[in-house]
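# Remarks on the overall topology
These are the residues of each chain, in order.
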Amino acid sequence: MASSLENPRDVLGGMLMAGIGGAFLWLGGDLDPGSALRMGAGYFPRILGTIMVALGSVIALLAMRQPSAGWVLGQTPWRGVILVLGSLLSFGGAVRGVGLLPVVTVVVFAAAWASRYARLRSALPLSAGLAAVCAFLFIHLLGLPLPLIGPWLTAGYWSAADPAVSTLAVSASAFSTIAR
Amino acid sequence: MPHNQNPGQNHGQNLGVEPPATGTARAAHGSWFPWLRTLTAATLLAVVPAIAPVLPASAAYPDKVVTIVVPFAPGGGTDTVTRILAEQMSKDLGQPVIVDNRPGAGTIIGTNIVANSAPDGYMLLMASFAHAVNPFLNAKLPFDTEKAFAPVGLVAKSYNIAVVNTSSQFKTLSDLIAYAKAHPGELNFGSFGNGTSAHLSAELFNHLAGTRIVHVPYKGAAPAVTDLLAGQVQVVFSSVASVSGHIGSGSLRPLAVTSAQRSKAFPDLPTVAESGVPGYVSDAWYGVYAPAGTPAAVIDRLNASLNKAIQSDAFKKLETVEGLVITPGTPQDFAAYVHGEAARWRDVVKSQNIKLN
Amino acid sequence: MELFSNLGLGFATALSPFNLLYCFMGVFLGTAIGVLPGLGPVATIAMLLPLTFGLDPVSSLIMLAGIYYGAQYGGSTTAVLINLPGESSSVVTAIDGYEMAKRGRAGAALASAALGSFFAGTVATVLIAVAAPPLAMLALQFGPAEYFSLMVLGLVASVALASGSLLKAFAMIFLGLLLGLIGTDVESGAQRFTMDLPELADGLNFVAVSMGLFGIGEILRNLGHEHSRSLQVKSVSGLMLTRDDLKRIVGPVLRGTGLGSLLGILPGGGAMLSSFAAYTLEKRISPNGAQFGKGAIEGVAAPESANNAGAQTSFIPMLTLGIPSNPVMALMIGAMIIQGITPGPNVVTKEPTLFWGMIASMWVGNLMLVLLNLPLVGLWVRMLKIPYHLLFPAIIAFCCIGAFSAGNSTFDVFVMALFGAFGYCLIKLDFEPAPLLLGFVLGPMLEENLRRAMLLSRGSPSVFVTHPLSLALLTCAVALLIVVVLPGIRAKREEAFSE
């Protein structure tokens, strides 16, 4: 229990925790609390949320009481954060449509540039190789229900008159326009 | 026709998820983007010609993998039945039939995926008890149970067994009814969760027998049966597979089956109706649906294959093990049966005031 | 003497070439899926179930069991190497295991995990052979009130998983409990905090949350420290354990095995509790307690032994009472029923070949796992020499597929991304995520058993103290709470005095 409440990191952390507790209290406001004897769906959340607000406030207050030097959050690798999270979101959004093989290639390639040491000559073979390994391992051996190459990449797909599809097609072309 | 469809994808798109990688990734850093674009383009160029010649629309169904969505996690009763069905059907259809588990939200997630799939016969749903009762338990379903599906066929009916601990004072169902009537609100029944067959079977019993046995919900069969063995709850209206082992080993005592007729697996066991609750019937069932709008020819092909599969030896083995009653029939038979079930349970749900939210 | 003839029968069955082959296939497959994040033994066994119908029941059960405890071995590998706990039991291993790996001691961590697990597996096997039926009765002694008290004890104990501020550790536990509330309320069926998303109706997926908080959070953190070049482990010292290491892990392995064997018998989370109960115990009593959280080998050996012992003894209620203590056991029961065997007290007498063959195969399988895993340690450690900028995109790809495969749902990939970002914030704010995960896992069970106990007692809270077992557990929890909180308060007071 050595290092403990130094700030302003802990002021922020405590406020975050209190805020999360408050959010749960607010979102769970319409749940039926029932009674102590016969608890409803809202009873336990209310207790937990209240304790969370209290804990967060104590952490923040204690940290305020003993100010220390400077902002100690350190730097944030914004490029890395955006690329890594972007890769995850892209995987989730596209894997069923595009298929495992292309999506792993793209995701690995994009994620690789989150590092400052990324080089084209290493990122290209890495993404291609991993895509092949994943496709073999997860689809061929383990039978994961994912397409190797998804329906979005088939020729006839984009002519389908599905409104959701056309929206996507429009947004995709919009993206490529912006890219240019 | 099949090649320009996208089985199972509409769901994801309707949720408004991210466009493919290029969009999100581009936002991060400009300098490397051309490479990514080149790569994507290259992938597209390499892939499209390879896929495009998959033709033509007149090709006989099925010409690719058929998926059956199971709206439960792997390993449960529905999952086991589906896996064996899929294995048998793929022999007949000449294409792989794979099982895709999409568990959650009391079958709503998996069911919704099929409701929004292309009606081409490549995306099917394994429906069960919950399918017919969900409309009365949930105020808002994302699909219309009546209109969104085309029936393919009933796989099997099943039934529940009312079981008590062997050390229990109740030797027959009449004992239980007599005690419960004399001591209202004292006994507990365990269920496999709100709105499950184990729950509603017991509520129907309460309703028709005039008893007040208190509902104690569990997360699935295993913990409920464990607490029955430990004596925490006094009775469970359980599926056969979950208790047949304990009945065989003598740790649980069966009192009655919930079906209209006595079962093949337990010929000596009376039905609930015979035991003093006239009119009581509670079936569980498994059946296959396709999305509404699937061509009749495809439905007929699937129905024939399904009927063949359920009469195979591998499937018959489940008759005793899982307590199945195999009932071959047409899609119309299936639809009529489920309508009847739905109407019956709607009354139970209303009269017992059962709600999920 | 009867025991020896029984074990003789068992080994004769387990050592037949055919069964040896299936045992090996099981443990090999188990190790493989354990190493891959996401895909767990439940999904694998379910997929293989139809294939086992044609097999001899003994062979198929030997293989399925092998997958299960093989996965426990494999799971620790990813936890140690890349801080990616794919199962709740390896969350604890990741804490000190990954720290050891960062210090170039991944080999020792993996070796101690393997040896500890083997020892635990051996002891647990003997225990099942000697005393399965009486031990099984323990499982039936635990009603809702007892489980509630056990969960309270578990939550208090999980504070010890954090090495920083006590208040922050409590905040993390409560945050985990709150996150565990998301989903359908078991009792009333009400949707809680699901924001009308059907994907949230069954709650957040553990694998997605865990891989986000630990795996993705760690990658983001490392990307911030890339310039310091500490990421690539430069020197990997001794693959094997030193004499000093061995001396340090003997006690933890013994105690971990004992705790794991006992808790593993309890259905519903017993085996999972065992790994961090062992960690907490060691942190309290070890002379190297201060090193915990900074790469203490005891912090790997104890939970790994406990978790393997628990995995093994969780077979006891299944084999003797027909009670599945976790989803894997439920699948095994399904496999037995389909083979025409009814699990329960009769298995020992009616199917002696199956019962003793399976027990013997567990030991054989554990031996195979050690022989398979010790040479692999070298290979895994070499993996750490891959430059980090090549390793982490691969981890991201495996995480994505792993999160997806956990529920065949892309929603879980988004959940992982969200918790990756959140985990990174927590690291920045100096909150440790391990207690959060345990709160997340235990929370739903805590509430469920609290409410079920109250429902069964018709609203009388006295059940928690009138049941002797429940009272004992609650007393332990209070005692532990005092032990945990007092030093902090005393330190504060001394600080105040010295000022």
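Every value quoted in this text rests on a predicted model; they were computed, and no experiment measured them.

## So, the overall build of chain B
Along the backbone of chain B there are 13 helices and 10 strands. Residues counted as buried form 55% of the 357 residues belonging to chain B.

## Some details on the overall build of chain A
Each helix and strand counted, chain A has 6 helices and 0 strands in total. Along the chain direction, N to C, the helices and strands of chain A fall in the order α-α-α-α-α-α. Sequence-distant contacts in chain A: of pairs separated by 6 or more residues, those separated by 24 or more amount to 65%.

## Regarding the domain arrangement of chain B
Residue and element names in this part refer to chain B. For chain B, the assigned domains read domain 1 (66-157 + 283-352) and domain 2 (159-257). For domain 1 versus domain 2, the separation of C-alpha centres amounts to 27 Å. Taken together, the contact between domain 1 and domain 2 spans 15 residues of the former and 12 residues of the latter.

## Some points on the pairing of strand 1 (residues 66-70) of chain B
Residue and element names in this part refer to chain B. Across the 5 residues that make up strand 1, a large majority, 4, are buried. With 5 bridges joining them, strand 1 and strand 2 (residues 97-101) adopt parallel strand pairing. Counted as the bridge partner of Val70 is Asn101 from strand 2. Looking at chain direction, strand 1 and strand 3 (residues 123-128) are connected through 3 bridges and run parallel. Across the sheet, Ile68 pairs through a bridge with Leu124, a residue of strand 3.

## Observations regarding the interface of chain C and chain A
Each side of the interface is counted separately: chain C has 55 residues, and chain A has 64 residues. When residues of the side of chain C that touches chain A are traced back to their parent elements, those giving at least two are helix 8 (166-181), helix 9 (206-224), helix 17 (388-407), helix 18 (411-428), helix 19 (434-456) and helix 21 (468-498) of chain C. Of the residues that constitute the side of chain C that touches chain A, the class distribution is 36 nonpolar, 11 polar and 8 charged.

## Quick word on the nonpolar core
The biggest cluster of nonpolar side chains holds 335 residues, and the ones touching the most others in it are Val107 of chain A together with Ala397, Cys400 and Met416 of chain C. Counting residues per element, this core draws most heavily on helix 6 (residues 106-141) of chain C, which supplies 18 residues.

## Regarding helix 4 (residues 77-93) of chain B
Residues and elements named next belong to chain B. For helix 4, built from 17 residues, the straight-helix expectation of 24 Å at 1.5 Å per residue is met to within 8% by its first-to-last C-alpha distance of 24 Å. Of all 17 residues making up helix 4, 13 are buried, and the element is well covered by its neighbours. Following helix 4 by one or two positions, Gly94 adopts a phi angle in the positive range, close to 75 degrees.

## Here's the deal with the packing of helix 6 of chain C against helix 12 (residues 298-313) of chain C
Residue and element names in this part refer to chain C. For the pair helix 6 and helix 12, the least separation of the axes is 7 Å and the interaxial angle reads 35 degrees. Between helix 6 and helix 12 lies a crossing of right-handed hand. Residue composition of the contact of helix 6 with helix 12, grouped by class: 11 nonpolar, 9 polar and 1 charged.

## Points about the environment of Ala71 of chain C
Considering the arrangement of structural elements, one finds Ala71 of chain C in helix 4 (residues 57-82). Once residues within four sequence positions are removed from consideration, Ala71 of chain C is found in contact with Gly30, Ile33, Gly34, Gly40 and Pro41 of chain C.

## So, unusual backbone geometry
Residues and elements named next belong to chain C. Residue Phe193 is not a glycine yet carries a positive backbone phi of 55 degrees. Positionally, Phe193 belongs in the loop between strand 2 (191-192) and helix 9. By C-beta crowding, Phe193 is classed as partly exposed, having 19 other C-beta atoms within 10 Å. With a phi angle near 55 degrees, Arg458 is a residue other than glycine that sits in the positive phi range. Residue placement: Arg458 occurs in the loop between helix 19 and helix 20 (463-466). Residue Arg458 is classed as partly exposed on the basis of its C-beta count, with 13 C-beta atoms lying within 10 Å.

## Quick word on the packing of helix 9 of chain C against helix 17 of chain C
Residues and elements named next belong to chain C. The interhelical angle for the contact between helix 9 and helix 17, taken along N-to-C directions, is 165 degrees, at an axis separation of 10 Å. When the axis of helix 9 is compared with that of helix 17, the two are roughly antiparallel. Between helix 9 and helix 17 lies a crossing of left-handed hand. Taken together, the residues of helix 17 that come into contact with helix 9 (itself represented by Val207, Ala208, Met211, Gly215, Ile216, Ile219 and Asn222) are Tyr388, Phe392, Ile395, Ile396, Cys399, Gly402, Ala403 and Ala406. For the contact of helix 9 with helix 17, the class distribution of residues is 12 nonpolar, 3 polar and no charged.

## Here we look at the confidence of the model for chain A
Residue and element names in this part refer to chain A. Of the residues in chain A, 75% reach a pLDDT of 70 or more, and the chain-wide mean stands at 79. Per-residue pLDDT, averaged within each element of chain A, yields its smallest value for helix 6 (residues 163-179) (48) and its largest for helix 4 (residues 100-112) (92). Scored below 50 in pLDDT, residues 1-5 makes 13 contacts in the model with residues more than four places away or belonging to other chains. Throughout residues 173-180 the model reports pLDDT below 50, and contacts reaching past four residues in sequence, or to other chains, amount to 6 contacts.

## Things to note about the confidence of the model for chain B
All names here are of chain B. Residues with a pLDDT of 70 or more make up 81% of chain B, whose mean pLDDT is 77. When the criterion is pLDDT under 50, residues 1-58 qualifies, and its contacts beyond four places in sequence or with other chains add up to 115 contacts. Taken together, the chains of this predicted complex give a pTM of 0.78 and an interface ipTM of 0.84.

## Considering the environment of Asp32 of chain A
All names here are of chain A. Relative to the helices and strands, Asp32 is located in the loop between helix 1 (9-27) and helix 2 (43-65). For Asp32, a count of 12 C-beta atoms within 10 Å gives the class exposed. Residues Asp32 and Gly42 lie 10 residues apart in sequence; the distance between their C-alpha atoms is 4.9 Å. For Asp32, the contacting residues outside a window of four places in its chain are Gly40, Ala41 and Gly42.

Rules and cut-offs
Residues numbered from 1 in each chain as written. Chains lettered and ligands numbered in written order. Predicted model: local features only at pLDDT ≥ 70, side-chain atom pairs only at ≥ 80, totals over all residues. Helix = DSSP H or I, 4+ residues; strand = E, 2+ residues; numbered from the N terminus. Buried ≥ 20, exposed ≤ 12 C-beta atoms within 10 Å, placed from the backbone. Contact = placed C-beta atoms within 7 Å. Domains from an automatic or database assignment. Pairing = 2+ DSSP bridges. Nonpolar A, V, L, I, M, F, W, Y, C, P; charged D, E, K, R; others polar. Core = buried A, V, L, I, M, F, W, Y, C linked by C-beta atoms within 7 Å. Expected span 1.5 Å × (residues − 1). Axes fitted to C-alpha atoms, helices over the stretch in contact; angles between N-to-C directions. Left-handed = near helix turned anticlockwise from the far one by under 90°. Parallel < 35°, antiparallel > 145°, perpendicular 65-115°, else oblique. pLDDT = per-residue confidence, 0-100.

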